[in-house]
Each structure stands twice: as structure tokens, then as C-alpha cells.
Amino acid sequence: MDILPESNDEYGTKQYWNQRYAQEANGASFDWFKSYSEIADILRNLIPDKHSKILMLGCGNSKLSQDMYDDGYSNIVNTDYSTIVIEKMKERHEELRPEMEWHEMDVRDLKFDDNSFDVAIDKGTMDAMMTVKGDIWNPPQQVVDDCTKEVNEVIRTLRKGTGVFIYLTFGQPHFRKRYLTVPGTTLETRELGEAFHYYLYILRT
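By the naming in an unreviewed UniProt entry, the protein goes by S-adenosyl-L-methionine-dependent methyltransferase and is assigned to Lentinula guzmanii.

Following this line, the structure appears as C-alpha cells:
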């Protein structure tokens, strides 16, 4: 089974992900970048309250939510625009992790009320929207619009004054800050890793 796309820009399409998740075996998982065990200490520090309401953006079949839940974060709401993966993940976790929620939803058009969440986490989702062909120094308007919509929707649904948006990516600040620099918020950037660097962006409302 070949689950790799013919070109990277397919990572930004719902069709590719639905096809991939339909082909993958039940129980399959994939994590972009770091696993929870590698960033657990950082997340525990950023989210000290285990009762925080957490929004997972583009959850896919990652083990991040599962591992966080098992670490005590039981109030996790997972979203993905793939109906297939949401149904699979709901079925996989409904007995062992009954408090977790699963919703088919596009990060660019979240259906939650304003001020609904304490924390939002993106681990690779925004990156997938940046795979459209074009100049990385001057991205296509579609990329600008998609990423801006996601960030605006996240800020809208986070609690004002206390909300935290955590974004893990390999994208260097020059290519990411343009989407994360928003009036009325603060942005912190951390560099992770040694041989290969990842970046953690922490936007506070």
C-alpha cells in the first residue's frame, strides 16, 4: 500500500487524507514531528491545569491526544476534516477514553462558540496547508488565506486573556511569524532539537 502522495501539495487536500485513512489498517497511527513523550515536559509546563479544555486541530490518527489523555488531560476535543479518520478514532477510543470528543471540522471554519477553549494545539496541520506549489518566500494567496483563517478561528475560540495556542512545526520564524503576529496577542518562539530543529510557537490571547 502506497500512502505517500505523488506530490507534496496533495498533503493540503481532503481527498488525499480520506483516501489515506481509508487504506490504513485499523489501529494505525502517525505523528508529525515530535511524539508526546518528547515534548511532555514542555506541554505540562504550558498547560499546568489538567482540567483545561483543549482543542486539537487536525488530529488525524496521531497518538498525541491519546497520550495526553492518559497523562491526565481528559478534556480534549479533537477535530479533523476527514470524516473517515474521525469515525475511526471515535470508535478506537470510545471505551478507553470516553470523555474525549471527536468532530469532523475544518480548522478554517470552526463551529465552536467564542471563548470556548483554554488551549489549542496544532502539530503539523498548518504545515499541510502550506504545501501548495509556489514561492516559500512569497506564498500563494491561498496559503496566506488558509493560514490566516485558521489562526483567526483559533483566537476566536480561545478564552480571551488566558487562552494559549501551541503550534509545533519545522517552519522557521521567518516563514511562520507572518501568520502568528496578531494585534492583541503575544507570541513566543522556542527552538527545539539539536541536529534538526523544530520550532514551538506559543501565542497567548
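After that view of the structure, there is still more to cover.
K.L.:
When you look at the sheet that holds strand β3 (residues 101-104) in this model, what are you seeing that I'm missing?
P.N.:
By way of backbone hydrogen bonds, the strands of a sheet pair with one another, either parallel or antiparallel. Ordered in space as β3-β2-β1-β4-β5-β7-β6, the seven strands form an open sheet in which the pairing is mixed. In the strand order of this sheet, the two ends are held by β3 and β6 (186-192), each with one partner. Ignoring which end each strand starts from, the neighbouring axes of this sheet average 20° apart. Sheet topology places strand β5 (residues 164-169) next to strand β7 (residues 198-204); six bridges connect them, and they run antiparallel. Counted as the bridge partner of Val-164 is Arg-204 from β7. Across the sheet, helix α7 (residues 173-180) lies against β5, β6 and β7, angled at about 15° from β7, the strand it touches most.

K.L.:
Can you walk me through empty space enclosed by the protein in this structure?
P.N.:
It is the rolling of a water-molecule-sized probe over the atoms that shows where space remains empty. The tally for this structure, following the rule as stated, stands at two cavities of 30 Å³ or more. Reported here for the largest cavity is a volume of approximately 70 Å³. Taken together, Ile-39, Ile-42, Leu-43, Leu-64, Ile-121, Asp-122, Lys-123, Ile-166, Leu-168, Leu-192 and Leu-200 make up the full set of residues lining the largest cavity. Among the secondary structure elements, those contributing two or more residues to the lining of the largest cavity are α2 (36-46), β4 (119-123) and β5.

K.L.:
Looking at this structure, I do not really get the environment of Asp-49. What am I missing?
P.N.:
Looking at where Asp-49 falls in the secondary structure, it is placed in the loop between α2 and β1 (54-57). Using a relative accessible area of 40% as the deciding quantity, one classes Asp-49 as partly exposed. Placed 23 residues apart in sequence, Asp-49 and Gly-72 show a C-alpha to C-alpha distance of 9.6 Å. Within polar-contact distance, the side chain of Asp-49 engages the backbone nitrogen of His-51 at 2.9 Å.

Rules used in this analysis
- Within any chain, residue numbers begin from 1 and follow the written order of that chain's sequence.
- This being a predicted model, a pLDDT of at least 70 is required before a residue's local features are given, and a value of 80 or more before pairs of side-chain atoms are given or counted; all residues contribute to the totals for chains, interfaces and linings.
- Side-chain metrics rest on all non-hydrogen atoms present in the structure, leaving aside hydrogens and water.
- Strands are labelled as partners when DSSP assigns at least two bridges between them.
- Going along the chain from the N terminus, every DSSP run of H or I of four or more residues is numbered as a helix, and every run of E of two or more is numbered as a strand.
- What counts as an axis is a line fitted to C-alpha atoms, over the stretch in contact for a helix, and the angles between N-to-C directions run from 0 to 180 degrees.
- Note on contacts: a residue pair is in contact if any heavy atoms of the two residues lie within 4.5 Å.
- Only protein atoms enter the 1 Å grid, on which a cavity is a set of points fitting a 1.4 Å probe that cannot get out and a pocket is an open set with protein on both sides within 12 Å along at least 5 of 7 lines, lining residues being those with an atom within 4 Å of a point.
- Grid points are joined across faces, edges and corners, and a volume is the space filled by probe spheres set on the points.
- Working definition: with a 1.4 Å probe on protein chains only, accessible area under 20% of the residue-type maximum means buried, over 50% means exposed, and in between means partly exposed.
- Distance and chemistry together define a polar contact, namely a pair of N or O atoms within 3.5 Å, with one atom able to donate a hydrogen and the other to accept it when in protein, and with adjacent residues in sequence counting only for side-chain atoms on both sides.

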